[in-house]
Amino acid sequence: MTSFNRSTSRRLKKLAQIPSVWEGDRRPLSSPNQFSDPEAKGECILWVDYSQGIVRGMDVVASEIGPEAIVRTLMQAMEHPQSPARPARPQRIVVKDREIQFYLRGVLQDLDIAIDYAPELPLIDELFRGFADLLDSQTPDLPPQYAQILREKAFAIWQAAPWEFLEEQQILSIEINKWDVGTIYASVMGMLGMEYGILFYRSEESLKQFRAAVLTDEESTEHLEEAFLKQDCLFLTFESADQTDEDEDEDEEDDLADLPLSEIDPTFGNIHPLEGLRSVLYDEEALVMFVAIESLSRFIRDHRRQLHEDIFPPLSRRYRISLPQSEESTKSLPVTVSTMPQLAAELEEMAGFDDDDQEIDNLDFQSLQDDLIPEDSFLSLGVVSWEMLECLRKGVTYHQAGEIKQVGDGLPVILIQTSRPKAKTVIERIETAGGLRAICFNPGANPNDGDRYDLGLLQTQNGELFLFGEFLDEDPIHVEARKKWNQRCKNTQGYCGLIIAKGLTGASRGNPQLRDMMALFEARSLSPQDLGIGTLQLMPQLKFE
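The rules behind the values
- Residues numbered from 1 in each chain as written.
- Predicted model: local features only at pLDDT ≥ 70, side-chain atom pairs only at ≥ 80, totals over all residues.
- Heavy atoms only, no water.
- Helix = DSSP H or I, 4+ residues; strand = E, 2+ residues; numbered from the N terminus.
- Buried < 20%, exposed > 50% of the residue type's maximum accessible area, 1.4 Å probe, protein only.
- Contact = heavy atoms within 4.5 Å.
- Pairing = 2+ DSSP bridges.
- Axes fitted to C-alpha atoms, helices over the stretch in contact; angles between N-to-C directions.
- Patch = residues over 30% accessible without salt bridge, like charges linked within 9 Å, V, L, I, M, F, W, Y side chains within 5 Å.
- Areas by Shrake-Rupley, 256 points an atom, 1.4 Å probe, with all protein chains shown as cover.
- Salt bridge = Lys/Arg side-chain N within 4 Å of Asp/Glu carboxyl O.
- Arc of directions from axis to C-beta.
- Parallel < 35°, antiparallel > 145°, perpendicular 65-115°, else oblique.
- Left-handed = near helix turned anticlockwise from the far one by under 90°.
- Nonpolar A, V, L, I, M, F, W, Y, C, P; charged D, E, K, R; others polar.
- Core = buried A, V, L, I, M, F, W, Y, C linked by side-chain atoms within 4.5 Å.

With respect to the side chain of Arg488
Here's step 1: Structurally, Arg488 is set in helix 12 (residues 476-491).
Here's step 2: Of the residues examined, Arg488 reaches a relative accessible area of 17% and is grouped as buried.
Here's step 3: Each residue touching Arg488, except ones within four places of it in the same chain, is listed here: Gly382, Val383, Asp409 and Pro412.

Points about the sheet that holds strand 2 (residues 43-49)
Here's step 1: The five strands are arranged 3-2-1-4-5 in an open sheet whose pairing can be described as mixed. Each having just a single partner strand, strand 3 (54-61) and strand 5 (114-117) make up the two edges of the open sheet. Strand-to-strand twist across the sheet, computed as the mean angle between neighbouring axes with direction ignored, equals 20°.

Considering a nonpolar patch on the surface
Here's step 1: A contiguous nonpolar surface patch, about 230 Å² in accessible area, is contributed by Phe228, Leu229 and Leu277.
Here's step 2: Secondary-structure assignment places Phe228 in helix 7 (residues 221-229).

Points about the pairing of strand 7 (residues 181-189)
Here's step 1: A large share of strand 7 lies buried, amounting to seven of its nine residues.
Here's step 2: Here strand 6 (residues 172-178) runs beside strand 7; their pairing, made up of five bridges, is antiparallel. Paired with Lys178 across the two strands is Val181, which belongs to strand 7.
Here's step 3: Linking strand 6 back to strand 7 in an antiparallel pair, the connection comprises two residues, with Trp179 at a positive phi of about 55°.

Considering helix 1 (residues 6-13)
Here's step 1: Of all the residues in helix 1, the buried ones are Thr8, Ser9 and Leu12. Considered in projection along helix 1, the buried side chains sweep an arc of 100° and stay on one side of the axis. Residues of helix 1 that are exposed and point more than 90 degrees away from the buried face comprise Arg6 and Arg10.

Description of the packing of helix 2 (residues 68-79) against helix 3 (residues 98-107)
Here's step 1: Packing of helix 2 against helix 3 brings their axes to within 11 Å, and their N-to-C directions diverge by 60°. Here helix 3 runs oblique to helix 2, going by the angle between their axes. Remark: the crossing between helix 2 and helix 3 carries right-handed chirality. The segment helix 2 lies against helix 3, with Glu68, Ile70 and Val71 engaging Ile100, Tyr103, Leu104 and Val107.
Here's step 2: Grouping the amino acids of the contact of helix 2 with helix 3 by side-chain chemistry returns six nonpolar, no polar and one charged.

Description of the sheet that holds strand 6
Here's step 1: If you walk across this open sheet you meet the eight strands as 11-10-9-8-7-6-13-12, and the pairing is antiparallel. The open sheet has two edge strands, strand 11 (276-278) and strand 12 (316-322), and neither has a second partner. The sheet shows a mean angle of 25° between the axes of neighbouring strands, direction not considered.
Here's step 2: Pairing analysis gives eight bridges linking strand 9 (residues 233-240) to strand 10 (residues 264-272), with the strands arranged antiparallel.

Description of the nonpolar core
Here's step 1: Judged by nonpolar contacts, the single largest core of 53 residues is most densely connected at Ile174, Phe200, Phe238, Phe268 and Val291.
Here's step 2: If you tally residues by element for this core, the top one is helix 8 (residues 283-307), at 12 residues.
Here's step 3: The residues contacting Val291, other than those within four sequence positions of it, are Ile176, Trp179, Ile321, Leu323, Leu333 and Val335.

Shape descriptors only; they carry no functional weight alone.
Structure representation (C-alpha cells):
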C-alpha cells in the first residue's frame, strides 16, 4: 500500500486539528436517467464537514482511477479547502465503503485521525440527490425518442456527401406543410472542404438576408457574427468526434471527409434572431428535421446524376415520408423536394460570380477554358525527387506518359492543392477528357493596361486547353521558377507532371505531404511554338441584349 512520505506526514500534522466529523465518498457522476451521453464514465469524490455543513473538497475522476484519488482530494480538503473553510485536519472521518475505510486507515495512520464506517452519510446523500435531480432536469440535445433515428439519418447524409456536387447557393426547397412549417430551404455546406452540413432555412427571405449581410462586410468578425445569429433556420453540421477546443486549431484534420465514419459526430440545432443559437431540438423541431433529412436523402439518391451536371437543373419529386413513432396521429406525410435554379442564379448574381473584371476571363482562343482549377487553389512549380516519384506512382491515382530517364534532381511538376472534394472533381474531369497530354506556358497580354502574362496551360488528350495559372512576366519569383522548370524539362527530355493534392484548409496548406497527394498525371512539356496559338489577348466581355 502506498503511504505518505515522512515529510508529507509531518506537514499535515502541523495543520490545526479541529473537533469535527468529515464525511467522504466516491460515487458515479451520472444518474440512471441521464440521456446526454449514455457512455459517459466518471465519478465524483466529495469531502464534507458534517459538523459545519460545508463542502471542503470535490473532484471528478475517471472510473478506472484507483483509491489514491480519494486521498488526493482529502489532502486538498485539508490543505486547500473550498471557501469559507480554512486549512485543518479533522478528528474523525466517516465513510460508507469498507474498502475505502481500510485503505484510509493504512494511509492516514500517522495523522491521529479516526476512520469509522457508517451505512448512511446524510449530508453527502443529500448532495448527490441534488446532483442527480440537476442532471435529470437538463434538456437533452435531442428528444430521446428521436435521438437514434436522427443520428442514423444524419450519417446517411454524410455518406451521400451532397457537398461533392452541390454548392451553397444551389438551394433545394422542401415543402412540408406540418407543425406550422410550410416550405424550408436547404443550403448544403462543404464543397470548400471546410465545414460540412446543411442549413434548413424557414423562409427564403431569411436566406437572402443572410447572404446579403455577409457580402456587405466579409472582413468584420462582429458583423458576421451578428448576421449569423439573425438567421432563422435549423441546422445539421458534422465535426470530428474527438475534437477539443485546445487542439482545434493546431491538430485539426486536413479534411473531415478523410476521417472514418466512426470518428464523425453530427450536431443538430436551431438559430433564430430572438433565440440565438442553441444545440437543442425540441419534439416538433426534431420531427421537421427528420422529414427534411429523409426527403433530401431520397432526392439526392434519385437525382444524383442530374445534380452532378454543370448547370443546376430544374427538378422536383414528391415523397411520402413515414414518421417515427410519436404522439402524432399522423403516420406519414407527403413532401415535395425541388431544385431552385432561379434562386441559385439570383444568389450567384448577389455574390458577383458573373463580374466582368476577372483577369484573363475571356481569351480570343475558342477552346481555352478556365474552370478546371478552383480559384482558391494553392499553386506551385517545383520538382519531386525520383524516390518520391516512385512512391507516388504506387500510392495515388497514376497516369503514365512514357519512359522517363532519371536525369537531374527529379521530375518537374505543377502542384495544385485544393480541398478534397474539389480535387476529386479536377481528377475526374481530366480522366474524362482522356488524361493529360501536355503542360505549356504561353504568352498572354492585356491590351487595356499593357500587362503581359505567362499563362500556365494544361492540354488534355481530347485537345482541350485549361488555364491553371496567370503569372506576370515581371514577377522575379516566377521568372526564376520558370528557368528551373525549363532546365528540368530539358533534363527529362520534355517529360513533366501534374500533382493534384488535398489539404488546402489543414495544417499542410501550402506544403502538402505524400498522404495529401491524390493523383499524378505525367505529361509532355510543350513550348509556345509547339502549341502554336500565339499570344492570347484579354478580350472585353460581350453582352447581348
